Amino acid sequence: MGGLHVIGTERHESRRIDNQLRGRAARQGDPGSTRFFLSLEDNLLRIFGGDRVAGLMNMFKVEEDMPIESGMLTRSLEGAQKKVETYYYDIRKQVFEYDEVMNNQRRAIYAERRRVLEGLDLKEQVLQYAEKTMDEIVDAYVNPDLPPEEWDLENLINKAKEFIYLLEDVEVSDIADMTVGEMKNFLHEEVRKAYDIKEDRVDRIRPGLMREAERFFILQQIDTLWREHLQAMDALRESIGLRGYGQKDPLIEYKQEGYEMFLEMMIDIRRNVVYSLFQFQPQGQPQAV
């Protein structure tokens, strides 16, 4: 009538597991008992002071099969379990923080993708992509801190035409006397005119085709570049631990580089969508004979 008696052959690294075993012995107030049999060769004892106990046993010539029961040993063992639990807790916490970086990026990219799927008219979004791309080109080739004679306007125009070939009539002389802000506004207007021309040409083949193309190219670029970004983030996570040898916090380095990589991916999505839409050349359907 003494209830269930549980015999444990070792102590687990976590006290929670040991307590679960004890709970099996006295479920819901039923009588019960537990007894653990340990060896000095168990991992927990070997790592946390088992060698010292073995040295004492050899010194006092204690027989190998003689059991040792000591409150001090039990407390030492519980202290070792606490240290192991703290160690694994820190690992889980760090893993969670690494995962949280990806979760934040995942939420952002999924929100963008959902906006594209639910959006009925994506023209304005594509135009914003194009305007931001023009702003980035201006900032890359024009330094406001330098005199206008040193601005690389020719390469600026050539780069803009690479993305939007319908800007063929825009010349360096059109922007030579402009400020940086005026250049951006001018290119914004030219981009909108070029997009209207492109839309008119495409919709002549089939009405509404431009709207379908916008959704297709945005989703295609998001899906393709997001997969590549996931692989790059995995590679970064595997190698970031080496930063610790340079007295840098790997987690902080991972967050910073991961954020920069995410921004670069979003820029690439935007630029690729603009380039693809302006290069889009649909074929007309053959006429029925």
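What counts and how
Residues numbered from 1 in each chain as written. Predicted model: local features only at pLDDT ≥ 70, side-chain atom pairs only at ≥ 80, totals over all residues. Heavy atoms only, no water. Helix = DSSP H or I, 4+ residues; strand = E, 2+ residues; numbered from the N terminus. Buried < 20%, exposed > 50% of the residue type's maximum accessible area, 1.4 Å probe, protein only. Areas by Shrake-Rupley, 256 points an atom, 1.4 Å probe, with all protein chains shown as cover. Phe/Tyr/Trp six-rings, centres within 6.5 Å; stacked < 30°, edge-to-face > 60°. Polar contact = N/O pair within 3.5 Å; in protein donor to acceptor, adjacent residues only side chain to side chain. Contact = heavy atoms within 4.5 Å. Expected span 1.5 Å × (residues − 1). Axes fitted to C-alpha atoms, helices over the stretch in contact; angles between N-to-C directions. Parallel < 35°, antiparallel > 145°, perpendicular 65-115°, else oblique. Left-handed = near helix turned anticlockwise from the far one by under 90°. Nonpolar A, V, L, I, M, F, W, Y, C, P; charged D, E, K, R; others polar. Core = buried A, V, L, I, M, F, W, Y, C linked by side-chain atoms within 4.5 Å. Patch = residues over 30% accessible without salt bridge, like charges linked within 9 Å, V, L, I, M, F, W, Y side chains within 5 Å. Salt bridge = Lys/Arg side-chain N within 4 Å of Asp/Glu carboxyl O.

Points about the overall build of the chain
Assigned secondary structure in the chain consists of ten helices and two strands. Along the chain, from the amino end to the carboxyl end, the secondary structure elements read β-α-β-α-α-α-α-α-α-α-α-α. Within the chain, the proportion of its 289 residues that are buried is 34%. Surface accessibility of the chain: about 19,100 Å² in total, with carbon and sulfur atoms responsible for 51%.

Some points on the packing of aromatic side chains
Tallying each qualifying case throughout the model produces six aromatic pairs. Here phenylalanine 216 and phenylalanine 217 contribute two aromatic rings whose centre-to-centre distance is 5.3 Å and whose plane-to-plane angle is 70°, an arrangement assigned as edge-to-face. For phenylalanine 217, a relative accessible area of 12% puts it in the buried group. The interplanar angle of 75° and the centroid separation of 5.6 Å between the aromatic rings of phenylalanine 217 and phenylalanine 280 together place this pair among those described as edge-to-face.

Points about the side chain of glutamate 112
Among the structural elements, glutamate 112 can be located in helix 4 (residues 71-118). Among the polar contacts made by the side chain of glutamate 112, one reaches the side chain of arginine 115 at a distance of 2.8 Å. Every residue in contact with glutamate 112, bar those within four places of it in the chain, is listed here: Gln125, Tyr129 and Ile222.

A look at helix 5 (residues 123-141)
For helix 5, spanning 19 residues, the distance from its first C-alpha to its last is 27 Å, which sits close to the expected 27 Å at 1.5 Å a residue. Listing the buried residues of helix 5 in full gives Gln125, Val126, Leu127, Tyr129, Ala130, Glu131, Thr133, Met134, Glu136, Ile137 and Val138.

Remarks on the packing of helix 9 (residues 209-239) against helix 10 (residues 250-279)
Packed helices, taken two at a time, are described by their axes: the angle between them and the distance between them. Packing of helix 9 against helix 10 brings their axes to within 9 Å, and their N-to-C directions diverge by 155°. With respect to helix 10, the element helix 9 is oriented roughly antiparallel. In this structure, helix 9 crosses over helix 10, and the sense of that crossing is right-handed. Its residues placed into classes, the contact of helix 9 with helix 10 shows 17 nonpolar, five polar and four charged.

Some details on the nonpolar core
Residues Met134, Leu156, Ile164 and Met183 are the most contacted members of the largest nonpolar core, which totals 56 residues. Going through the elements one at a time, helix 4, helix 5, helix 6 (153-163), helix 8 (180-205), helix 9 and helix 10 are the ones with two or more residues in this core. At eleven residues, the largest contribution of residues to this core is made by helix 9. With residues up to four places along the chain from it excluded, the contact list for leucine 156 reads Ile137, Val138, Tyr141, Val142, Ile175, Met183 and Leu187.

Quick notes on the environment of isoleucine 137
Positionally, isoleucine 137 belongs in helix 5. For the pair isoleucine 137 and lysine 159, spaced 22 residues apart in the sequence, the C-alpha separation amounts to 7.2 Å. Beyond its immediate stretch of four places on either side in the chain, isoleucine 137 contacts Leu156, Lys159, Ala160 and Phe163.

As for a nonpolar patch on the surface
The grouping of Tyr87, Tyr88, Ile91 and Val95 at the surface amounts to a nonpolar patch, some 360 Å² of accessible area in total. Tracing the backbone through its elements, the reader meets tyrosine 88 in helix 4.

A word on the pattern of salt bridges
Under the counting rule described, the total for this entry stands at 17 salt bridges. Among the salt bridges present, the one from aspartate 99 reaches arginine 237, with a minimum N-O distance of 2.9 Å. Pair noted here: aspartate 99 is in helix 4 and arginine 237 is in helix 9, with a separation of 138 residues, a long-range link. For aspartate 99, a relative accessible area of 32% puts it in the partly exposed group.

Topic: the packing of helix 5 against helix 8
Axis separation between helix 5 and helix 8 bottoms out at 9 Å; the angle between their running directions is 140°. With respect to helix 8, the axis of helix 5 lies oblique. Considering only the axes of helix 5 and helix 8, their crossing is right-handed. When helix 5 is examined against helix 8, the residues Lys123, Glu124, Val126, Leu127, Ala130, Glu131, Met134, Asp135, Val138 and Asp139 are found in contact with a partner set consisting of Val180, Met183, Lys184, Leu187, His188, Val191, Arg192, Tyr195, Asp196 and Glu199. For the contact of helix 5 with helix 8, the residue count by class is ten nonpolar, one polar and nine charged.

With respect to the environment of proline 148
Examined against the element boundaries, proline 148 turns out to sit in the loop between helix 5 and helix 6. Since its relative accessible area comes to 46%, proline 148 is described here as partly exposed. A sequence separation of 31 residues divides proline 148 from threonine 179, and the C-alpha atoms of the two residues are 8.7 Å apart.

Quick notes on the environment of leucine 38
Its location among the elements puts leucine 38 in the loop between strand 2 (32-36) and helix 2 (43-47). Put simply, leucine 38 and glutamate 10 are 28 residues apart on the chain and 5.1 Å apart in space, counted from C-alpha to C-alpha.

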